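Examining the three-dimensional arrangement
Read off the chains here:
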Amino acid sequence: MTIPTLVIGDKNLSSWSLRPWLALRAFGVDFEELRLPLDTPEFRARIGEFSPTGKVPALLHDGVAVWESLAILEYINETFLDGRGWPRERAPRAQARAIAAEMHAGFAALRRELPLNLQRRGAPATPGPEAVRDIARVQQLWRDARARFGKGGPFLFGGFGLADAMYAPVALRFVVYGVALSGEAQAYVEAITALPAVIEWRAAAEAERERG
Ligand SMILES: N[C@@H](CCC(=O)N[C@@H](CS)C(=O)NCC(=O)O)C(=O)O
């Protein structure tokens with residue numbers, strides 16, 4: 001099968017890029033990476049070749065171009081994973097898709113107030129009331145997935161899956177902004193940060209010099 005190319009932004013800053021990158025890497029799918037640092041002349045000159053929205057990520061494969069992170073995850077799931085990106089059973093699969101969609105569509109205050117910046121150092125952030133509500137909802141949906149379906153491993157539905165790929169950037173925001181979490185949420189964040197693919201992404205993000 002042809003190897004896909006994933007077009008991404010800076011690893012330090014681009015949380016949407018991390019989601020499909022992590023899905024490909026954690027499931028061991030071979031892919032090429034094309035990194036276009038955000039907000040640069042290179043990005044503006046080239047992104048239109050790959051993405052009709054002018055945003056990353058975009059996946060190019062066998063004459064198909066896919067944009068929007070959740071649609072890319074679905075493409076990865078059906079083209080490279082034979083469906084195993086989502087839980088096999090109907091109930092957890094429905095819940096995994098629902099929380100992935102919730103992430104894709106929501107948590108605007110959390111994203112606005114705590115934008116991904118993996119090079120961030122410094123004091124814990126003090127999120128405003130809307131972001132605090134988002135943080136509580138994230139922890140609630142993590143707790144619910146883990147309690148109902150997470151018995152087989154440390155991730156939301158046991159083993160690593162696409163719902164985890166959607167929430168990994170949130171877990172990393174909680175780390176870099178020093179967000180105080182429940183014990184269960186903290187344990188989940190630690191499972192995410194221990195993934196070899198996440199360690200690889202963070203090391204590359206640390207090494208980026210564009211800005212940060
Ligand atoms: N809904 C999109 C969001 C993509 C997005 O906002 N990407 C940002 C980087 S994380 C971007 O490309 N920004 C560049 C720009 O808007 O010029 C998705 O899920 O892929």
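Presented here is an overview of the structure given in this document.

Conventions adopted
Residues numbered from 1 in each chain as written. Predicted model: local features only at pLDDT ≥ 70, side-chain atom pairs only at ≥ 80, totals over all residues. Heavy atoms only, no water. Pairing = 2+ DSSP bridges. Helix = DSSP H or I, 4+ residues; strand = E, 2+ residues; numbered from the N terminus. Right-handed = clockwise from strand over helix to strand, strands pointing away. Buried < 20%, exposed > 50% of the residue type's maximum accessible area, 1.4 Å probe, protein only. Salt bridge = Lys/Arg side-chain N within 4 Å of Asp/Glu carboxyl O. Expected span 1.5 Å × (residues − 1). Contact = heavy atoms within 4.5 Å. Axes fitted to C-alpha atoms, helices over the stretch in contact; angles between N-to-C directions. Parallel < 35°, antiparallel > 145°, perpendicular 65-115°, else oblique. Left-handed = near helix turned anticlockwise from the far one by under 90°. Nonpolar A, V, L, I, M, F, W, Y, C, P; charged D, E, K, R; others polar.

**Some points on the pairing of strand 1 (residues 5–8)**
With 4 bridges joining them, strand 1 and strand 2 (residues 32–35) adopt parallel strand pairing. Along strand 2, the bridge assignment pairs Ile8 with Arg35. With respect to chirality, the unit in which strand 1 leads through helix 1 (residues 15–26) into the neighbouring parallel strand 2 is right-handed.

**Digging into the environment of Leu13**
Within the element layout of this structure, Leu13 appears in the loop between strand 1 and helix 1. On the basis of relative accessible area, Leu13 is assigned to the partly exposed category, the value being 21%. Put simply, Leu13 and Ala194 are 181 residues apart on the chain and 20 Å apart in space, counted from C-alpha to C-alpha.

**Focus on the pattern of salt bridges**
Side chains bearing opposite charge may pair, as long as their charged atoms lie close to each other. Summed over all chains, the structure comprises 9 salt bridges. With its nearest N and O atoms 3.0 Å apart, the salt bridge here joins Lys11 to Glu33. With Lys11 in the loop between strand 1 and helix 1 and Glu33 in strand 2, the pair connects residues that are 22 residues apart, well separated along the chain. Its relative accessible area of 7% is what places Lys11 among the buried residues. The salt bridge involving Glu74 is made with Arg97; its shortest N-O contact spans 3.2 Å. Here Glu74 is found in helix 3 (residues 69–80), whereas its partner Arg97 is found in helix 4 (residues 90–105), with 23 residues between them in sequence.

**As for helix 6 (residues 129–149)**
Turn by turn, an α-helix covers 3.6 residues, leaving residues three or four places apart pointing in a common direction. With 21 residues, helix 6 ought to run about 30 Å at 1.5 Å a step, and its terminal C-alpha atoms sit 30 Å apart, in line with that. The elements touched by buried residues of helix 6 are helix 4, helix 5 (108–113), helix 7 (162–176) and helix 8 (183–193).

**Quick word on the packing of helix 6 against helix 7**
Look at helix 6 against helix 7: their axes get within 12 Å of each other, and the N-to-C directions meet at 125°. The pairing of helix 6 with helix 7 is recorded here as oblique in orientation. Crossing hand, helix 6 versus helix 7: left-handed. Every residue of helix 7 that contacts helix 6 at Ile135, Val138, Leu141 and Trp142 is listed here: Tyr167, Val170, Ala171 and Phe174. Taken together, the residues that form the contact of helix 6 with helix 7 break down as 8 nonpolar, no polar and no charged.

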